[in-house]
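Architecture and fold: a report
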Amino acid sequence: MSESEETEEQIFEAAKMVFHREGYEGARMQAIADEAGINKAMLHYYYRSKDKLFQAVFQDAVRHFFPVIQKVLAGDQGIVPKVKELVDTYYGIFREHPHLPSFVIYEMNQNPQRFKQFMKGQVGGIPAPFLRQVEEEIRAGSMKQVKPHEFLVNIIALCVFPFIARSMVETVFEMDPREYERFMEERRRSLPGYILNSVSK
């Protein structure tokens, strides 16, 4: 790796730390430069604006996220273990990258067309094995009539919301950070059963 590539990687890693810690609005280019151990002029040489740097961090996170989810959906395990694995996967990724849901929402709201164009290259629709499994469960009479897309949206919503709304959850239920983590771990264990019960006949 050349010195220039090393510097770019150093900046990128520093930006991830600052964006994850402060979010887009709170992040400052000076803070990123300080984190990277360089001056602000050098930071602007590599990334001309905070938006361009945010895009690089956001796209990198999404590129790591969606292939993992797609792999779970396309797996050959039954619907029960698949739902559990989906929940575990979402929770694992969001604990490692706690600001990823907020990144996605920010980008959707601020630049909807850019977000759509980028996502088209990352997501190829819901994998056929998952669609087929849901339809087979319905035909077998073990699952209520539910559209596979709706079923998946419900899973995603139940997984994502507590991460996006962490401040609200902690405030409303008077939780400190440790209590919140316990709550999330209990939820991770109980959520697959709740999801499956909601569609079981």
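Just so you know, these numbers come straight off a predicted model, no measurement behind them.

Here we take up unusual backbone geometry. Here the phi dihedral of Glu 174 falls at roughly 50°; this positive angle occurs in a residue that is not glycine. With respect to the element layout, Glu 174 can be found in the loop between helix 10 (166-172) and helix 11 (177-199). With relative accessibility at 70%, the residue Glu 174 sits in the exposed group.

The subject of this paragraph is the packing of aromatic side chains. Two numbers describe a pair of aromatic rings. These are the distance of the centres and the angle of the planes. With the rule as written, the count across this model stands at 18 aromatic pairs. Here the aromatic rings of Phe 58 and Phe 118 are separated by 5.8 Å at their centres, their planes lie at 50°, and the arrangement is tilted. In this pair, Phe 58 sits in helix 4 (residues 50-73) while Phe 118 sits in helix 7 (residues 112-120), placing the two residues 60 residues apart along the sequence. The exposure classification of Phe 58 matches that of Phe 118, with both residues buried. One aromatic cluster is present, built from ring pairs that chain together Phe 19, Tyr 24, Phe 54, Phe 58, Phe 103, Tyr 106, Phe 115 and Phe 118. A cation sits over an aromatic face here: Lys 50 above Tyr 24, 4.4 Å from the ring centre.

Before going further, it helps to examine the side chain of Gln 77. Checked against the element boundaries, Gln 77 lands in the loop between helix 4 and helix 5 (79-96). What Gln 77 contacts, discounting residues up to four positions off in sequence, is Val 72, Lys 82, Glu 85 and Gln 133.

Here is what the cut-offs are and how they apply
Residues numbered from 1 in each chain as written. Predicted model: local features only at pLDDT ≥ 70, side-chain atom pairs only at ≥ 80, totals over all residues. Heavy atoms only, no water. Helix = DSSP H or I, 4+ residues; strand = E, 2+ residues; numbered from the N terminus. Buried < 20%, exposed > 50% of the residue type's maximum accessible area, 1.4 Å probe, protein only. Phe/Tyr/Trp six-rings, centres within 6.5 Å; stacked < 30°, edge-to-face > 60°. Lys NZ or Arg CZ within 6 Å of the ring centre and 35° of its normal. Contact = heavy atoms within 4.5 Å.

Purely geometric stuff here, so don't read any function into it on its own.
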